[in-house]
Amino acid sequence: MSRRRQIYEGKAKILYEGPEPGTLIQYFKDDATAFNAQKRGTINGKGVINNRISEFVFTRLSHIGVPTHFIRRLNMREQLIRQVEIVPLEVIVRNVAAGSLTKRLGIDEGETLPHTLLEYCYKDDGLGDPLVSEEEIACFNWASHEEMQDISSMAIRINDFLCGMFSAINIRLVDFKLEFGRLWDGDYSRLILADEISPDGCRLWDMTTGEKLDKDRFRRDLGGEEDAYREVARRLGLLSENDSGPGEVLDLAHHRGRLRGTKPKKS
Ligand code: ADP
Ligand code: MG
């Protein structure tokens, strides 16, 4: 692993050169950051769980025709992905008011929105990923009008699919973040879903108790973040009932071939 060329180290993942041109290896770390990296820490086993959850979600999305960068999972913390030119936008999809929306507009957390909201933030850590308008996106050429149409329709499709997937395991999908990238073929490019979908970038609330099962546990010092991430994986059928920890168990399960074709458990 250390002999591979490192392309980029971010807050939650490391990108290495892949085995073939146009591929990368995405390594999932346990590092956690919040509030534009002002708060830093680690969530034990998070990288292992997020690798597995993101694999599951991206695979399911590809089955409904959403193009993604995911090729295959390589091991507990790594997946092989297609290299893309990242569109410098964080696409936020909101179903229920939480986080920055509540602060910015003074809406109570937990209020169901009259319809799904899409927000775009310019990806720039130095600026704190500011919210930007579609006019600004067009003005500064961060994405074309056609690309924004593709992004918004894919985001809504992904939201509909994920809302159903999570509600089947008694989880409310409050909001989440997506990143898209361009795959070039000569002079033409098409957009595919990139980065990850995991409890790092989603707000997931238990539908019965309202308990938070995502990175807000870390942001707000609620504790129990390891258990929360593991609970999401367990409900998706990615861990068995008697699993003690994320590491060994996922690996053992993988070696026994149990994870292949595993169906999500009924909750
Ligand atoms: P950051 O701290 O910038 O959020 P992460 O720790 O999330 O970084 O590492 C992932 C980085 O890789 C992100 O900057 C993301 O935009 C980028 N990325 C994700 N998927 C791809 C891909 N398929 N090709 C190229 N870059 C990608
Ligand atoms: Mg990131």
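Higher on the page you've got the structure.
Residues numbered from 1 in each chain as written. Chains lettered and ligands numbered in written order. Predicted model: local features only at pLDDT ≥ 70, side-chain atom pairs only at ≥ 80, totals over all residues. Heavy atoms only, no water.

Taken together, 18 residues lie around ligand 1, and Tyr8, Lys11, Ala12, Lys13 and Glu179 are the ones closest in. Within the side chain of His69, a nitrogen or oxygen atom sits 2.8 Å from a nitrogen atom of ligand 1. Take Arg82: an N or O atom from its main chain is 2.8 Å from a nitrogen atom of ligand 1. In isolation ligand 1 has 550 Å² of accessible area, and contact with the protein removes 90% of it. Elements that contribute at least two residues to the shell around ligand 1 include exactly β2 (13-17), β3 (23-28) and β7 (78-82). (Near = heavy atom within 4 Å. Polar contact = N/O pair within 3.5 Å; in protein donor to acceptor, adjacent residues only side chain to side chain. Areas by Shrake-Rupley, 256 points an atom, 1.4 Å probe, with all protein chains shown as cover. Helix = DSSP H or I, 4+ residues; strand = E, 2+ residues; numbered from the N terminus.)

Turning our attention to the environment of Met207. Along the polypeptide, Met207 turns up in the loop between β14 (202-206) and α5 (216-219). Met207 gets classed as partly exposed once you look at its relative accessible area, which sits at 40%. Sequence separation between Met207 and Phe166 is 41 residues, and the spatial gap between their C-alpha atoms is 9.6 Å. Met207 has contacts with Ser167, Asn170, Ile171 and Arg172, leaving out every residue within four places of it along the chain. (Buried < 20%, exposed > 50% of the residue type's maximum accessible area, 1.4 Å probe, protein only. Contact = heavy atoms within 4.5 Å.)

Let us look at the packing of aromatic side chains. The full count for this structure, using the stated rule, is two aromatic pairs. Seen in terms of ring centroids, Tyr122 and Trp142 are 4.0 Å apart; in terms of plane orientation they differ by 20°. Their pairing is stacked. Pair noted here: Tyr122 is in strand β10 (residues 112-122) and Trp142 is in the loop between α3 (134-139) and α4 (145-167), with a separation of 20 residues, a long-range link. Residue classification places Tyr122 among the buried positions, given a relative accessible area of 19%. Assessed through its relative accessible area of 15%, Trp142 is described here as buried. Taking the centre distance of 5.3 Å and the plane angle of 35° together, the rings of Phe140 and Trp142 count as tilted. The structure contains a cluster of three or more aromatic residues connected by ring pairs, namely Tyr122, Phe140 and Trp142. Positioned over the ring face of Tyr16 is Arg4, at 4.6 Å from the centre of the ring. (Phe/Tyr/Trp six-rings, centres within 6.5 Å; stacked < 30°, edge-to-face > 60°. Lys NZ or Arg CZ within 6 Å of the ring centre and 35° of its normal.)

Moving on, we come to the pairing of β3. Along β3, six of the six residues are buried, which leaves the element largely enclosed by surrounding structure. Going residue by residue along β3, you find Thr23, Ile25 and Tyr27 tucked away on one face and Leu24, Gln26 and Phe28 tucked away on the opposite face as well.

Adjacent strands of a sheet form backbone hydrogen bonds with each other and so pair up, either parallel or antiparallel. If you walk across this open sheet you meet the five strands as β1-β2-β3-β7-β6, and the pairing is antiparallel. Each of the sheet's edge strands pairs with one partner strand only, and the pair in question is β1 (6-9) and β6 (70-73). Put simply, the sheet's adjacent strands are angled 25° from each other on average, direction ignored. Bridge analysis of β3 against β7 gives five bridges, and the strand direction is antiparallel. Note that in β7 the partner of Thr23 across the bridge is Arg82. With respect to the sheet, helix α1 (residues 46-63) is in contact with β3, β6 and β7, its orientation differing from that of β6 by roughly 130°. (Pairing = 2+ DSSP bridges. Axes fitted to C-alpha atoms, helices over the stretch in contact; angles between N-to-C directions.)

Another aspect to go through is the pattern of salt bridges. Considering all chains together, one arrives at 30 salt bridges under this definition. Between Arg4 and Glu78 there is a salt bridge whose closest N-O contact spans 2.5 Å. With Arg4 in the segment before β1 and Glu78 in strand β7, this pair connects stretches of sequence that are 74 residues apart. For Glu78, a relative accessible area of 5% gives the class buried. One salt bridge connects Lys177 with Glu90, and the closest N-O pair in it is separated by 3.9 Å. One end of the pair, Lys177, is in strand β12 (residues 171-185); the other, Glu90, is in strand β9 (residues 89-96), and 87 residues separate them in sequence. With respect to class, Lys177 is no different from Glu90; both count as buried. Overlapping salt bridges bring together Lys13, Glu90, Lys123, Lys177, Glu179, Asp195 and Glu196 as one network. (Salt bridge = Lys/Arg side-chain N within 4 Å of Asp/Glu carboxyl O.)

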